[in-house]
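Residue strings, one per chain:
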Amino acid sequence: MDTKLKLPQGFSTPTEVPDDQKVAEWQDRNQEWWQNHPMRYDWGDQIPAEEFSREFYKEIDQRFFSDSSIYMPPKKMPFDEIVPFATLPGMDVLEIGTGNGSHAQLLAPHCKSYTGIDLTEYAVASTTRRFELFGLDGDIRQMDAENLKFSNESFDFIWTWGVIHHSANTERILEEMYRVLRPGGKATIMVYHRSFLYFYIFTALFRGILCGGFLKTGSLHQLVQLNTDGAIARFYWPSEWRSLVSGKGFKLEVEKIKGQKSELFPLPASRIKRLLMNMTPNRLSRFILNTCCQGSFLITTLVKN
């Protein structure tokens, strides 16, 4: 059996959280996976540059932001639809999950202070090196977001993109985020969306039945995990997410669903997939994934009451 199918014991539903005795085991699996599979956007093509060089970071950013510009076209800079760049100069900002620092480089030059944390040594080393190369100011630390080492009410804005649904206990991170935000502070979060198109058409019908995936995995949950990054990957209905965050004290200010054009073609990276993506108008992909709410990104901005 593929090692990716060996899910943490007890992780049997899309939003499962561990009991207290399993938290450490789940988080160890999570940390190990991301240490060994850092997000470099090199699924189809390797990065043609020395790791941790200026060219390495520029290539990662080009791939990431060119992709994001399709599902979220920028007005002036990437992600400006959901990042409050105009008000960042007065804010102390925390990013949870820096990865290779693409968002860190967007945020740090615009805010009063930038702090970035990540669970892995790789991400901390990479983001630190990026800041050195590009002359950026910030505090980069290795830290578990389930146990933030910051005082109460330390930050005005928290940014986390595609991170906290992978942690052992997402609910615990929300509690910690609420604690370290100042009153009126905001958090913009992306977690995975359990869309009908991805779960039941592409995964269940195409991968499970037509491609025989159920014979290998035995369940839709395991099949989804096999085709998703991370040792753990939770997928939420919007109603589930709303209930969860409101239970932690947050007020929901913004909710959006978006998705990458590649989600429309559940095929391995290949010339055929690139050809199909190039033939598909961006407006059509945005209509299906964003307007019809079939994308895999559930994006919310929360306010601390």
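It should be noted that the structure appears before, not after, this text.
Residues numbered from 1 in each chain as written. Predicted model: local features only at pLDDT ≥ 70, side-chain atom pairs only at ≥ 80, totals over all residues. Heavy atoms only, no water.

A tally of helices and strands in the protein chain yields 11 helices and 8 strands. The C-alpha atoms of the protein chain give a radius of gyration of 19 Å, which matches the 19 Å a tight globule of 305 residues would have. Its C-alpha atoms give the protein chain principal-axis dimensions of about 55 × 45 × 35 Å. Going through the 305 residues of the protein chain one by one, you find that 51% of them count as buried. Taking all contacts inside the protein chain whose residues are at least 6 apart in sequence as the whole, residues at least 24 apart take part in 72%. With an accessible surface of roughly 14100 Å², the protein chain has 53% of that area assigned to carbon and sulfur atoms. Positive and negative side-chain charges of the protein chain, numbering 35 and 36 respectively, have mean locations separated by a distance of 6 Å. (Helix = DSSP H or I, 4+ residues; strand = E, 2+ residues; numbered from the N terminus. Rg over C-alpha atoms; globule rule 2.2 N^0.38 Å. Buried < 20%, exposed > 50% of the residue type's maximum accessible area, 1.4 Å probe, protein only. Contact = heavy atoms within 4.5 Å. Areas by Shrake-Rupley, 256 points an atom, 1.4 Å probe, with all protein chains shown as cover. Lys, Arg positive; Asp, Glu negative; His and termini not counted. Charge placed at Lys NZ, Arg CZ, Asp CG, Glu CD.)

Let us look at the packing of aromatic side chains. The tally for this structure, following the rule as stated, stands at 24 aromatic pairs. Relative to Tyr 200, the ring of Phe 196 has its centre 5.7 Å away and its plane inclined at 40 degrees; by these criteria the two rings are tilted. Highlighted residues: Phe 196 and Tyr 200, both in helix α6 (residues 196-210), separated by 4 residues, approximately one helical turn. On the basis of relative accessibility, which here comes to 48%, the residue Phe 196 falls in the partly exposed class. Members of the aromatic cluster, each reached through a chain of ring pairs, are Tyr 41, Phe 64, Phe 65, Tyr 71, Phe 79, Trp 159, Trp 161 and Phe 297. (Phe/Tyr/Trp six-rings, centres within 6.5 Å; stacked < 30°, edge-to-face > 60°.)

Here we take up the nonpolar core. With 39 residues, the main nonpolar core has Phe 79, Leu 88, Val 93, Tyr 114, Trp 159 and Trp 161 as its most contacted residues. The element best represented in this core is helix α2 (residues 54-71), accounting for 6 residues. With near-sequence residues (within four places) excluded, Leu 88 lies in contact with Val 83, Val 93, Leu 107, His 110, Cys 111, Lys 112 and Phe 157. Among the nonpolar cores identified, the runner-up in size contains 26 residues, and Leu 174, Val 180, Ala 187 and Trp 241 belong to it. (Core = buried A, V, L, I, M, F, W, Y, C linked by side-chain atoms within 4.5 Å.)

In this section: the pattern of salt bridges. The final tally for this structure, using the stated rule, is 18 salt bridges. Put simply, Asp 139 and Arg 141 hold a salt bridge, and the shortest N to O gap is 2.8 Å. Assessed through its relative accessible area of 29%, Asp 139 is described here as partly exposed. Judged by its relative accessible area of 31%, Arg 141 falls in the partly exposed class. (Salt bridge = Lys/Arg side-chain N within 4 Å of Asp/Glu carboxyl O.)

Quick look at a nonpolar patch on the surface now. A contiguous nonpolar patch, built from Phe 196, Tyr 200 and Trp 237 and spanning about 290 Å² of accessible area, is present on the exposed surface. With respect to the helices and strands, the residue Trp 237 is situated in the loop between β6 (235-236) and α9 (238-247). For Trp 237, a relative accessible area of 32% gives the class partly exposed. (Patch = residues over 30% accessible without salt bridge, like charges linked within 9 Å, V, L, I, M, F, W, Y side chains within 5 Å.)

Judged by how many residues are buried, strand β2 (residues 113-118) sits mostly within the fold: 5 of 6 residues are covered. The sheet contact formed by strand β1 (residues 92-96) and β2 spans 5 bridges and is parallel. In the strand pairing of β2, Ile 96 is matched with Ile 117. Read from β1 through helix α3 (residues 102-107) to β2, the crossover connection turns out right-handed. Here β2 pairs with strand β3 (residues 139-142) via 4 bridges, running parallel. From the neighbouring strand, Thr 115 faces β3, where its bridge partner is Asp 139. Remark: the β2/helix α4 (residues 121-134)/β3 crossover connection has right-handed handedness. (Pairing = 2+ DSSP bridges. Right-handed = clockwise from strand over helix to strand, strands pointing away.)

Contact pair helix α5 (residues 170-180) / α9: the axes reach a minimum separation of 10 Å and the direction vectors enclose 45 degrees. One element, α5, and the other, α9, form an angle in the oblique class. The way α5 lies across α9 gives a crossing that is right-handed. Residues Thr 170, Glu 171 and Leu 174 of α5 lie in contact with α9, whose contacting residues are Trp 241, Leu 244 and Val 245. (Axes fitted to C-alpha atoms, helices over the stretch in contact; angles between N-to-C directions. Parallel < 35°, antiparallel > 145°, perpendicular 65-115°, else oblique. Left-handed = near helix turned anticlockwise from the far one by under 90°.)

Okay, the side chain of Ser 167 next. With respect to the helices and strands, the residue Ser 167 is situated in the loop between β4 (155-161) and α5. Here the side chain of Ser 167 touches Glu 146 through a polar contact of 2.6 Å, side chain to side chain. Apart from the residues within four sequence positions on either side, Ser 167 is in contact with Gln 27, Asn 30, Glu 146, Ile 173, Ile 232 and Arg 234. (Polar contact = N/O pair within 3.5 Å; in protein donor to acceptor, adjacent residues only side chain to side chain.)

Now for unusual backbone geometry. Phi angles above zero are rare outside glycine, and Tyr 41 is one such case at about 55 degrees. With respect to the helices and strands, Tyr 41 occurs in the loop between α1 (23-36) and α2. Positioned with a positive phi, Phe 79 is a non-glycine residue whose angle comes to about 65 degrees. Assessed through its relative accessible area of 2%, Phe 79 is described here as buried.

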